[in-house]
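Architecture and fold: a report
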Amino acid sequence: MAEGKEDIDAALAHMEPLLRDGGYIPWCDHLVPPDVPFDNYLYYVARVKEATQAASTLQTRYPCHSLGIGLPLPHGQPGDPAA
């Protein structure tokens, strides 16, 4: 995030396949480093929001269900829309 918007976009481009497949939640896994300008952080947050919203409109291989996030329900189980 410290390097700028182009680097943020490049990093998020690598996440797109993970978002399309489902089950991946992008975010910082630690504190945001002190050398990250606040404007870059806000840009990152906005781009992650855009990417996750776009991915949520796609059909995923592993949809979230109430009985197991990221795991498909066995056919006929409670919560299975086909049941």
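See the structure above.
Treat the numbers as computed from the prediction; the structure is a model and nothing was measured.

**Considering the overall build of the protein**
Within the protein, the secondary structure is distributed over 2 helices and 0 strands. Relative to its 83 residues, the protein shows a buried fraction of 20%. For the protein, the computed accessible surface area is about 6200 Å², with 59% contributed by carbon and sulfur atoms.

**What about the nonpolar core?**
Within the largest apolar cluster, 5 residues are counted, these being I8, L12, M15, Y44 and V48. Of all elements in the fold, only α1 (5-21) and α2 (38-56) reach the threshold of two or more residues within this core. Considering every element that reaches this core, the biggest residue donor is α1, with 3 residues. Here V48 is in contact with L12, P26 and W27, once residues within four sequence places are set aside.

**Some points on the environment of E16**
For E16, the position within the fold is in helix α1. E16 gets classed as partly exposed once you look at its relative accessible area, which sits at 39%. Taking C-alpha positions, E16 is 7.4 Å from A51, a pair spaced 35 residues apart along the chain.

**Section: α1**
Helix length check: α1 (17 residues) gives 25 Å between terminal C-alpha atoms against 24 Å at 1.5 Å per residue, within 8%. Of all bends in α1, the biggest is about 35°, found at M15, and the proline P17 comes one to four residues later. Taken together, the buried positions of α1 are I8, L12, M15 and L19. At the exit of α1 stands G22, carrying a positive phi of roughly 85°.

**Quick notes on the pattern of salt bridges**
The final tally for this structure, using the stated rule, is 2 salt bridges. Two residues, D9 and R47, come together in a salt bridge whose shortest N-O distance is 2.9 Å. Placement of the pair is D9 in helix α1 and R47 in helix α2, with a sequence separation of 38 residues. Among the salt bridges present, the one from E50 reaches R47, with a minimum N-O distance of 2.8 Å. Of the two residues, E50 and R47 are both situated in helix α2; the distance of 3 residues between them amounts to about one turn of the helix. Residue classification places E50 among the partly exposed positions, given a relative accessible area of 43%. When its relative accessible area of 23% is taken as the criterion, R47 is described as partly exposed. In this structure, a network of salt bridges that share partners links the residues D9, R47 and E50.

Reading the values: rules and limits
- Residues numbered from 1 in each chain as written.
- Predicted model: local features only at pLDDT ≥ 70, side-chain atom pairs only at ≥ 80, totals over all residues.
- Heavy atoms only, no water.
- Helix = DSSP H or I, 4+ residues; strand = E, 2+ residues; numbered from the N terminus.
- Buried < 20%, exposed > 50% of the residue type's maximum accessible area, 1.4 Å probe, protein only.
- Areas by Shrake-Rupley, 256 points an atom, 1.4 Å probe, with all protein chains shown as cover.
- Core = buried A, V, L, I, M, F, W, Y, C linked by side-chain atoms within 4.5 Å.
- Contact = heavy atoms within 4.5 Å.
- Expected span 1.5 Å × (residues − 1).
- Bend = angle between axes of the 7 residues up to and from the residue.
- Salt bridge = Lys/Arg side-chain N within 4 Å of Asp/Glu carboxyl O.

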